[in-house]
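Residue strings, one per chain:
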Amino acid sequence: MTDLLIKNATLPDGRTGIDIACNKGLITGLEPGITTEAGQEIDAGGLLVAPPFVDPHFHMDATLSRGTPRMNVSGTLLEGIALWGELKEIQTIDMIIERALAYCDLAVAKGIGAIRTHVDTCDDPLTGVQALLQVREQVKPYLDLQLVAFPQDGVLRDPTAMDNTIRALDMGVDVVGGIPHFERTMADGTASVTALCEIAAERGLMVDMHCDESDDPLSRHVEMLAFETTRLGLQGRVTGSHLTSMHSMDNYYVSKLIPLMVEAGLHALPNPAINIMLQGRHDTYPKRRGMTRVRELRDAGLNVGFGSDCMMDPWYSLGQADMLDIAWMALHVGQLSSMDDMRWCFDAVTENSARIMGLEGYGLAIGKPAHFNLLHASDPIDAIRQRATRLKVVRAGKVIAETPAPIAALSLPNRPGSANPIV
Ligand code: FE2
């Protein structure tokens with residue numbers, strides 16, 4: 001007897017006809033032909049069952065605030081930061097909690113099982129920190145939420161940001177953030193990386209910095225991030241978010257930089273939808289699109305994930321908590337169009353992003369938590385193509401969200417030799 005039995009699933013690695021038994025919240029069987037009585041049995045009909053989507057970069061203290069107190073007219077990153085400053089003055093803990101919980105509901109329905117959110121640590125009341133610490137506890141049964149202490153206005157540029165960031169960490173925020181390219185000078189940016197990495201090392205925490213979110217090819221703070229990671233023994237625990245300046249850097253310099261990043265075991269985390277929307281705003285034509293060098297970083301051996309960053313906030317008016325949208329965008333902007341590259345884009349919003357967050361027990365294997373999605377897709381490429389419907393979202397062996405199959409959809413398996421359309 002088992003709690004839940006999924007019959008005839010296709011897995012992301014290509015295995016087909018797989019049954020998945022779940023008992024007491026864990027995966028207890030993963031093979032063809034499992035015969036056992038089950039509290040609930042679901043016929044996957046050959047469709048894709050994949051581990052949950054992971055969004056390793058988001059701003060939950062700002063989400064769903066679009067238009068408050070006004071819209072971002074220029075569409076630039078800098079106007080977004082200024083607008084966020086206006087919003088911070090007027091939003092309350094309750095407002096943030098209400099919006100964040102609404103977002104979490106949507107994210108779960110879209111099959112997201114874990115989110116790393118940055119939370120602004122510059123304001124003295126730490127309004128966002130107080131709100132999201134409550135949200136983290138409230139959503140725990142159905143969503144892993146990790147908080148990054150993020151001094152949005154610059155940990156050195158803002159006079160109280162350092163003290164407040166340390167207070168936020170004392171209150172239980174999980175990860176150390178930063179924004180070196182927004183400090184007043186290159187030297188201050190460098191100093192901020194050193195100071196924040198040392199704080200993380202002392203406390204045994206991970207680091208995730210907004211790093212070089214700029215079109216300026218001379219914004220090279222990722223170099224210092226790699227250096228401090230290696231010096232302080234933080235390999236594998238440090239993420240460079242955005243890294244958009246790498247798009248514009250001189251190729252010779254990049255040929256030196258990437259090996260340093262590999263040596264440091266950095267994770268690279270572009271946010272494709274936001275990068276392509278916000279970068280290159282000062283260009284005429286040709287117009288840079290700002291996404292970092294995904295293929296080069298991946299091929300050099302770095303772990304690369306994709307984040308969504310924003311939804312309906314001062315920086316971005318759209319979004320729907322859909323990591324397949326993000327993979328789809330990255331695939332196009334990065335020209336990752338071979339079969340292997342497209343499959344890898346699915347990994348980037350699942351396994352790779354789980355590694356960035358350091359999620360324990362992630363993945364489909366016996367003994368791991370029974371967290372997964374049944375998607376209306378034949379395989380990972382088909383899932384990206386369709387931004388496939390999340391038919392069932394399973395958490396700890398229980399179905400926690402369902403969406404009906406689309407009326408008009410055609411899934412043709414990408415596997416050679418397979419010709420059974422799933423309609
Ligand atoms: Fe961000």
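Data block above holds the structure.
If you're wondering where the values come from, they're calculated on a predicted model, not measured in any experiment.

Student: Is there a simple way to explain the coordination of the iron ion in this structure?
Tutor: Metal coordination angles have textbook ideals: 109.5 degrees for a tetrahedral set of four donors and 90 or 180 degrees for an octahedral set of six. Taken together, H57 (NE2), H59 (NE2), H210 (NE2) and D309 (OD) make up the protein donors of the iron ion, found 2.1 to 2.4 Å from the metal. Classification of the site at the iron ion rests on its four donor atoms, whose angles at the metal span 87 to 178°, yielding the label irregular. Each donor residue of the iron ion belongs to the same chain, with the gaps between them written as H-x1-H-x150-H-x98-D. Relative accessible area serves as the criterion here: at 0%, H57 is assigned to the buried category.

Student: Looking at this structure, how should I read the environment of L87?
Tutor: Tracing the backbone through its elements, the reader meets L87 in helix α1 (residues 77-90). Classification of L87 as buried rests on a relative accessible area of 0%. Here the alpha-carbon distance between L87 and S65, two residues 22 residues apart in the chain, equals 8.4 Å. Not counting residues within four places of it along the chain, the set of residues in contact with L87 comprises S65, T68, P69 and P314.

Student: Where do I start with the pairing of strand β10 (residues 206-211) in this structure?
Tutor: Among the six residues of β10, six are classified as buried, and the element is accordingly described as predominantly covered. Covered by surrounding structure in β10 are M206, D208 and H210 together with V207, M209 and C211, the residues of both alternating faces. Handedness of the crossover is the feature at issue here: the chain leaves strand β9 (residues 175-178), passes through helix α5 (residues 186-203), returns alongside β10, and the resulting connection is right-handed. As paired elements, β10 and strand β11 (residues 238-242) share five bridges and run parallel to each other. For H210, the partnering residue across the bridge sits in β11 and is S241.

Parameters at a glance
- Residues numbered from 1 in each chain as written.
- Predicted model: local features only at pLDDT ≥ 70, side-chain atom pairs only at ≥ 80, totals over all residues.
- Heavy atoms only, no water.
- Donors = N, O, S within 2.8 Å, 3.2 Å for Na, K, Ca; no water.
- Tetrahedral: all angles 85-135°; square planar, octahedral: opposite > 155°, others 65-115°.
- Buried < 20%, exposed > 50% of the residue type's maximum accessible area, 1.4 Å probe, protein only.
- Helix = DSSP H or I, 4+ residues; strand = E, 2+ residues; numbered from the N terminus.
- Contact = heavy atoms within 4.5 Å.
- Right-handed = clockwise from strand over helix to strand, strands pointing away.
- Pairing = 2+ DSSP bridges.

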